[in-house]
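Commentary on secondary and tertiary structure
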Amino acid sequence: MPRTSLYNLDDILCEAEDIFIEHSYNGAVMDEIIARTEFNRRGFYLEFGSKLKFLYAALEYYDTHKLSPILAHLEDHQGLASIERFFAAYIEHIYGRGCLLINMVTELGSEDDHIRSLGRHYLDKLQLAFIGCLEQAQRQQTVQPHINVEAVALQLTSFVQGFAINSILAESEEELHIATRALLQPISQ
């Protein structure tokens, strides 16, 4: 009879987010990972195989359970309102912590093809969602008709990356909301 797992994989991957945000990948030590996930070493290596594969699993979990629900605000393509809801949710999520995916791309993306691919895929989804919202905003006449939608979407995508870093340093969430309003105001009608 197969043995029943004594752990909840979702809880462990959620804890991984905290570990890697607090310490980075290179700064996270196995002793703390084992202690905080309540795995024993043997069980950890049987489940994940390595610290790097653990990070990959944590990033997949993070994308599915944290970033995708935030990105869903853009996927309804309701123009500027969708963009504003996205930034509000994103700021709430990253304030004081940063974004696990952006942090890992910054730390490991130049040397790890899988992490670079995860980051590129996320940014592509984000840019396409911004394009859809901006096109809808043009139809609604809530943005300037002459804007280059693709260029503005790229700019918004770049700001998302920058917000992930600034959120760690900002003294309040309001700073990030002010930056969002300053970013959107020039394109609005």
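See the structure above.
Summarised in this report is the structure supplied together with it. All of these numbers come straight from a predicted model, not from anything done at the bench. (Residues numbered from 1 in each chain as written. Predicted model: local features only at pLDDT ≥ 70, side-chain atom pairs only at ≥ 80, totals over all residues. Heavy atoms only, no water.)

1. So, the overall build of the protein
When helices and strands are counted, the protein shows nine helices and zero strands. If you list the helices and strands of the protein from N to C, you get α-α-α-α-α-α-α-α-α. With the principal axes as the frame, the protein shows a C-alpha extent of 65 × 40 × 30 Å. For the protein, the proportion of its 189 residues judged to be buried stands at 44%. Intrachain contacts of the protein at a sequence separation of at least 6 include 67% that bridge at least 24 residues. For the protein, the exposed area adds up to about 10,000 Å²; of that, 52% sits on carbon and sulfur atoms. In the protein, which carries 14 positive and 27 negative side-chain charges, the distance between the mean positions of the two groups comes to 5 Å. (Helix = DSSP H or I, 4+ residues; strand = E, 2+ residues; numbered from the N terminus. Buried < 20%, exposed > 50% of the residue type's maximum accessible area, 1.4 Å probe, protein only. Contact = heavy atoms within 4.5 Å. Areas by Shrake-Rupley, 256 points an atom, 1.4 Å probe, with all protein chains shown as cover. Lys, Arg positive; Asp, Glu negative; His and termini not counted. Charge placed at Lys NZ, Arg CZ, Asp CG, Glu CD.)

2. Describing the packing of aromatic side chains
Applying the stated criterion to the full structure yields 14 aromatic pairs. Here Phe44 and Phe48 contribute two aromatic rings whose centre-to-centre distance is 5.3 Å and whose plane-to-plane angle is 50 degrees, an arrangement assigned as tilted. In this structure, Phe44 and Phe48 share a single accessibility class: buried. Taking 5.9 Å as the distance between ring centres and 20 degrees as the angle between the ring planes, the aromatic pair formed by Phe87 and Phe130 counts as stacked. A residue pair is termed long-range when its members are at least 10 positions apart, and Phe87 in helix H5 (residues 80-94) and Phe130 in helix H7 (residues 113-140) qualify at 43 residues. Comparing Phe87 with Phe130, the two get one shared label, buried. Joined through ring pairs, the aromatic side chains of Phe20, Tyr25, Phe39, Phe44, Tyr45, Phe48 and Phe54 make up one cluster. The ring of Tyr25 has Lys51 sitting right over it, with the charged end atom 4.5 Å from the ring centre. (Phe/Tyr/Trp six-rings, centres within 6.5 Å; stacked < 30°, edge-to-face > 60°. Lys NZ or Arg CZ within 6 Å of the ring centre and 35° of its normal.)

3. Quick look at the packing of H7 against helix H8 (residues 149-169)
To characterise two packed helices, one gives the angle between the axes of the helices and the distance between these axes. Two numbers describe how H7 lies on H8: the axes approach to 8 Å, and their chain directions differ by 130 degrees. When the axis of H7 is compared with that of H8, the two are oblique. Crossing of H7 over H8 shows right-handed handedness. Along its contact with H7, which presents Tyr122, Leu123, Leu126, Gln127, Phe130, Ile131, Leu134, Glu135 and Gln138, the element H8 presents Val149, Glu150, Val152, Ala153, Leu154, Leu156, Thr157, Val160 and Gln161. (Axes fitted to C-alpha atoms, helices over the stretch in contact; angles between N-to-C directions. Parallel < 35°, antiparallel > 145°, perpendicular 65-115°, else oblique. Left-handed = near helix turned anticlockwise from the far one by under 90°.)

4. Re unusual backbone geometry
Negative phi values dominate among residues other than glycine, just as trans dominates among peptide bonds. Despite not being glycine, Ser24 has its phi angle at roughly 75 degrees, a positive value. One can find Ser24 in helix H1 (residues 9-27). Phi is positive for Glu38, close to 60 degrees, though the residue is something other than glycine. Checked against the element boundaries, Glu38 lands in the loop between helix H2 (30-37) and helix H3 (41-47).

5. Things to note about a nonpolar patch on the surface
Together, Ile165, Ile168 and Leu169 give the surface a local cluster of nonpolar side chains, amounting to about 290 Å² of exposed area. Mapped onto the elements of the fold, Leu169 is located in helix H8. (Patch = residues over 30% accessible without salt bridge, like charges linked within 9 Å, V, L, I, M, F, W, Y side chains within 5 Å. Salt bridge = Lys/Arg side-chain N within 4 Å of Asp/Glu carboxyl O.)

The values reported here are purely geometric and, on their own, carry no functional implication.
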